[in-house]
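Letter by letter, the chains look like this.
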Amino acid sequence: MKRFFSILILVIVLVAAWFLFFRNTKQDEKPVAQSKNVVKKHSPEFNESIANVLDAYFKMKNAFVDADTSAVKNAVSKFINATDSIKLSELKATDSSLVITARQNISDIKANAQPILQENDITEMRQDFSMVSENLYPLLKVIGYEGNKVYWQNCPMAFGEDKPANWLSNTAEINNPYLGKNDPKYKSGMLHCGENMDSIYLK
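Keep in mind the model is a prediction, meaning the values are calculated, not measured. (Residues numbered from 1 in each chain as written. Predicted model: local features only at pLDDT ≥ 70, side-chain atom pairs only at ≥ 80, totals over all residues. Heavy atoms only, no water.)

Draft legend 1. Main features of the pattern of salt bridges. Overall, the coordinates contain four salt bridges when judged by the stated rule. We note a salt bridge from aspartate 84 to lysine 110, for which the minimum N-O separation is 2.5 Å. Of the two residues, aspartate 84 sits in helix H3 (residues 69–84) while lysine 110 sits in helix H4 (residues 96–113), which places them 26 residues apart along the sequence. Among the residues examined, aspartate 84 registers a relative accessible area of 47% and is labelled partly exposed. Across the pair lysine 141 and aspartate 198 runs a salt bridge whose closest N-O atoms are separated by 3.1 Å. Here lysine 141 is found in helix H5 (residues 122–143), whereas its partner aspartate 198 is found in strand E3 (residues 195–200), with 57 residues between them in sequence. Classification of aspartate 198 as partly exposed rests on a relative accessible area of 26%. (Salt bridge = Lys/Arg side-chain N within 4 Å of Asp/Glu carboxyl O. Helix = DSSP H or I, 4+ residues; strand = E, 2+ residues; numbered from the N terminus. Buried < 20%, exposed > 50% of the residue type's maximum accessible area, 1.4 Å probe, protein only.)

Draft legend 2. How the structure looks around the side chain of asparagine 176. With respect to the helices, strands and loops of the structure, asparagine 176 is situated in the loop between strand E2 (165–169) and E3. Classification of asparagine 176 by relative accessible area gives buried; the value is 0%. Those residues within four positions of asparagine 176 in sequence are excluded, and the remaining contacts are Val65, Cys155, Trp167, Met190, Leu191 and Cys193. (Contact = heavy atoms within 4.5 Å.)

Draft legend 3. Broad picture of the confidence of the model for the protein chain. Scored by pLDDT, the protein chain has a mean of 85; 80% of the residues are at 70 or more. Every residue in residues 7–11 is under pLDDT 50, and counting partners more than four places away or in other chains gives zero contacts. Between residues 17–35, whose pLDDT stays under 50, and residues either more than four places distant or in other chains, the model counts zero contacts. (pLDDT = per-residue confidence, 0-100.)

Draft legend 4. Examining unusual backbone geometry more closely. Look at alanine 67: it is not a glycine, yet its phi comes out positive at around 55 degrees. Among the structural elements, alanine 67 can be located in the loop between helix H2 (44–65) and H3. Of note, lysine 187 is a non-glycine position whose phi angle comes to about 60 degrees, a positive value. Mapped onto the elements of the fold, lysine 187 is located in the loop between E2 and E3.

Draft legend 5. Structural context of the sheet that holds E3. The strand order across the open sheet formed by three strands is E2-E1-E3, and the pairing between neighbours is antiparallel. Only two strands of the sheet have a single neighbouring strand rather than two, namely E2 and E3. Recorded for the sheet is a direction-independent mean angle of 25 degrees between the axes of neighbouring strands. Taken together, the five bridges between strand E1 (residues 150–155) and E2 define a ladder with antiparallel strand orientation. (Pairing = 2+ DSSP bridges. Axes fitted to C-alpha atoms, helices over the stretch in contact; angles between N-to-C directions.)

Below is the structure:
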């Protein structure tokens, strides 16, 4: 009888050990993440035309960070040419109202970019750059931007203590185009002044 109970206890212990081991193994198993196949709705040519616009814009932004007016004007010329090459005709097949809105954004962008080519005062140039940014940001949303992640950034004191301004960046790091590296008052002390407000990318 004692032998029977010993065997019974041993069986119970083994079953309990197996159950605990099996349960822990199950808990450690994690579901395999499903690969996300993102389907783009625009053609490669359309997306390339937008990428060219942003490339010129970012060069302009970086030139403002460096307070290099010659580099700013060179980038502005390329930026304007790039906006003229956006393949808006592709949007007609989706929604004609998108084309109307996008064309208005582009018109406003160019209206603010072109004066930069004639200006010599960097503060005036930066004010126009601010307006370019304010129209480029909604354009990306209107067209359904499908490129690399871009950040919508803000400086609360771009043109004074209570005069903020925004810009787009291809990095999350803040490099302020309004105060920059060579500000007459702050030098490079306000280079990283600002914050990320939003981001745009194909999710």
